[in-house]
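Overview (structure and organization)
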Amino acid sequence: MTTVDMVGSATSALGAADWQAIQLTLTLAFYTMLLLLLIATPLAWWLSATPHRDSRRGYWLRTTVQTLVALPLVLPPTVLGFYLLLLLGPQGMVGSTLQQLGLPHLAFSFGGILFASVLYSLPFAVQPLQQAFEQLGRQPVEIAASLGAGPIDRFFSVVLPMCKGGYIVAATLSFAHTLGEFGVILMLGGSIPGQTKVLSIVIYDHAEAMNYAAAQQLSLMLLLFSFAVLFVVYSVRRKIGGG
Amino acid sequence: MAQLRLQANWQRKNFNLNIDTTLPAQGITALFGRSGCGKSSLLRLIAGLDTIPAATVVFNNQQWQTGRSFIPLHQRRIGLVFQQASLLPHLSAGQNLRYGFERVPAAERRLQPDQVIRMLELQTILTQPVNSLSGGQQQRLALGRALLANPQLLLLDEPFAALDSQSKTAILPYIRTLVSETKVPIIFVSHDSREVEKLADHLVLMDGGQIRQQSDIKTALADPQSPLFDGSDITSLFFGKAGKVDQWGRHPVFSDGCCIWLGAGTEFRSNDVMDNTNTGEVRLCIRAKDVSLALRELPDISIQNQLSAQIIKLQPYLQQILVTLKLADGQLLQAEITPCAAAQLQLQPGMPVVALIKAIVIR
């Protein structure tokens, strides 16, 4: 707390709570990114399968999943947050099951907003990876398999190096998108300092309280950071393409 | 005999594969047919790349796919070479070559990189960046890479289709060398009859997702109605052993009292034909249109090859007459002549004739 306080006082308008929020936000974004890369890889791989040999069932299944993945792009975050609240809360299907197992339900907790963030940023990880995998095609992987490489070996020796660009884009976009999360967390998180009170909510609170100096400083930080992240994404895209 | 048992009955929107057959797993087998006939699908079934339900794939005694059991490609030890872009672009030529080799336990390696580099003449290729290699060089490197992974079977999916005819001509002898030196059976997909004539020991004709016919290559070529000759010339094969180049640069190929001369610079890689230390076995492709007939040897003529033969059969073919001849060594040769010529010479089955072939039209 002391270092946080020192830094906080050095930059005038920001207090300890603000720094706590920044730290929380970065932690949330980092874990979200990590989880998303793990989840999005197999999902994007499955979605990028060539459709022409697909059975009718496979076609419908893939289309449905593709749509579900893209939903957070168009849905108001409050809608997503509302459903998650119902699902994860003490009365919800997931929440009540967790409680029966002697675990805390997920509403108003870090675990809850992490889960929400992963869902909310899912398309930002899946789409660049899917695009990279489609560009890669199946042939390099099939060749690697014929040369005796197992699935994990193929991923690290062929897919990852050949889709490096897609991974950089997916990681930065999901990280950056989580930073700006507001509506979902507002619904589900409940603004608990150090638990669920992230940067965007702190900014909102500052603005509500007419504390414009602090709001402006945090907003500027978020703006510059987002610019830097997107700059990296687009320069990578320009250099090595989606794949 | 080594063999590959295949069974599949698979329906898709505008495609079906209906196979129940046994292919030889030795030498070179060609799957021939027009595009969309199912030959690539059959190859993918063998490789285990498409999960086709209720199919059976048994290679010798290994059950690659039966009922519910399914061995994935990376455990089948099958070498794959596709039409193009087979190399891994993020690796160097040398890393590409060794990709499979490094994944084979040292005790199971039958070939060393040096041997493959020599066999396929890869030395100069290995020093170049992968993306600067020509199509033919890429395919040779891909072949070498597949071989070093210690395969029990090589599957080639139209491996030469993307090559210009010169590169194609240059790469074909390597395939023959590869089979005679390593004994790895090859199944290759093709829609180019010249390629098939040059390489295949066994021919499988496919159409509409089914196997219409399969036989050894000589039997297949003896049938003028074969789909192999749709839009291409009737061709016979002559098998023999290569001899030494003479002072004129001609290559002789001998078989039991027959000798056919090839002109210098014909489609052969001369060192391959002449210095093949293993067998010296050579296959020549002779178009029926390039064979003329005479009733006796002609001393005053430029044609170098004058082979005694006996007429076995005369049959009309398109608007010409196809004459099937038996050479002194028993091999069959087809000659295509006009009905007028056949009438003038009064050709009859059983008649002795002389087959005339220019030395520079043989490939």
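Structure shown above.
This write-up is about the structure you can find in this document. The shown structure was predicted, so the numbers you read here are calculated from the model rather than taken from an experiment.

So, about the sheet that holds strand E18 (residues 320-327) of chain B. Residues and elements named next belong to chain B. The strand order across the open sheet built from five strands is E16-E20-E17-E18-E19, with neighbouring strands paired in antiparallel fashion. This sheet does not close on itself; its edge strands, each paired only once, are strand E16 (291-294) and strand E19 (332-337). Sheet twist, expressed as the mean angle between neighbouring strand axes with direction ignored, is 45°. Of the strand pairs in this sheet, strand E17 (residues 305-317) and E18 are connected by eight bridges, and their pairing is antiparallel. Counted as the bridge partner of Leu314 is Val323 from E18.

This paragraph deals with the interface of chain B and chain A. At the interface, 24 residues of chain B touch 22 residues of chain A. Linking chain B with chain A are two salt bridges. Note that Glu142 of chain A and Arg44 of chain B form a salt bridge whose closest N and O atoms lie 2.7 Å from each other. Scanning the region where chain B abuts chain A turns up five residue pairs in polar contact (both at pLDDT 80 or more). For the side of chain B that touches chain A, the per-class residue count stands at twelve nonpolar, six polar and six charged.

So, on to the sheet that holds strand E13 (residues 251-255) of chain B. Residue and element names in this part refer to chain B. Strands sit in the order E14-E13-E12-E15 across an open sheet of four strands; the sheet is antiparallel. The two strands at the open ends of the sheet, each matched to only one other strand, are strand E14 (258-262) and strand E15 (281-287). Direction aside, the axes of adjacent strands within the sheet are offset by 45° on average. As judged from the seven bridges shared by strand E12 (residues 235-242) and E15, these two strands associate in the antiparallel manner. When the sheet's bridge partners are listed, Lys241 is paired in E15 with Glu281.

Parameters at a glance
Residues numbered from 1 in each chain as written. Chains lettered and ligands numbered in written order. Predicted model: local features only at pLDDT ≥ 70, side-chain atom pairs only at ≥ 80, totals over all residues. Heavy atoms only, no water. Pairing = 2+ DSSP bridges. Helix = DSSP H or I, 4+ residues; strand = E, 2+ residues; numbered from the N terminus. Axes fitted to C-alpha atoms, helices over the stretch in contact; angles between N-to-C directions. Contact = heavy atoms within 4.5 Å. Salt bridge = Lys/Arg side-chain N within 4 Å of Asp/Glu carboxyl O. Polar contact = N/O pair within 3.5 Å; in protein donor to acceptor, adjacent residues only side chain to side chain. Nonpolar A, V, L, I, M, F, W, Y, C, P; charged D, E, K, R; others polar.

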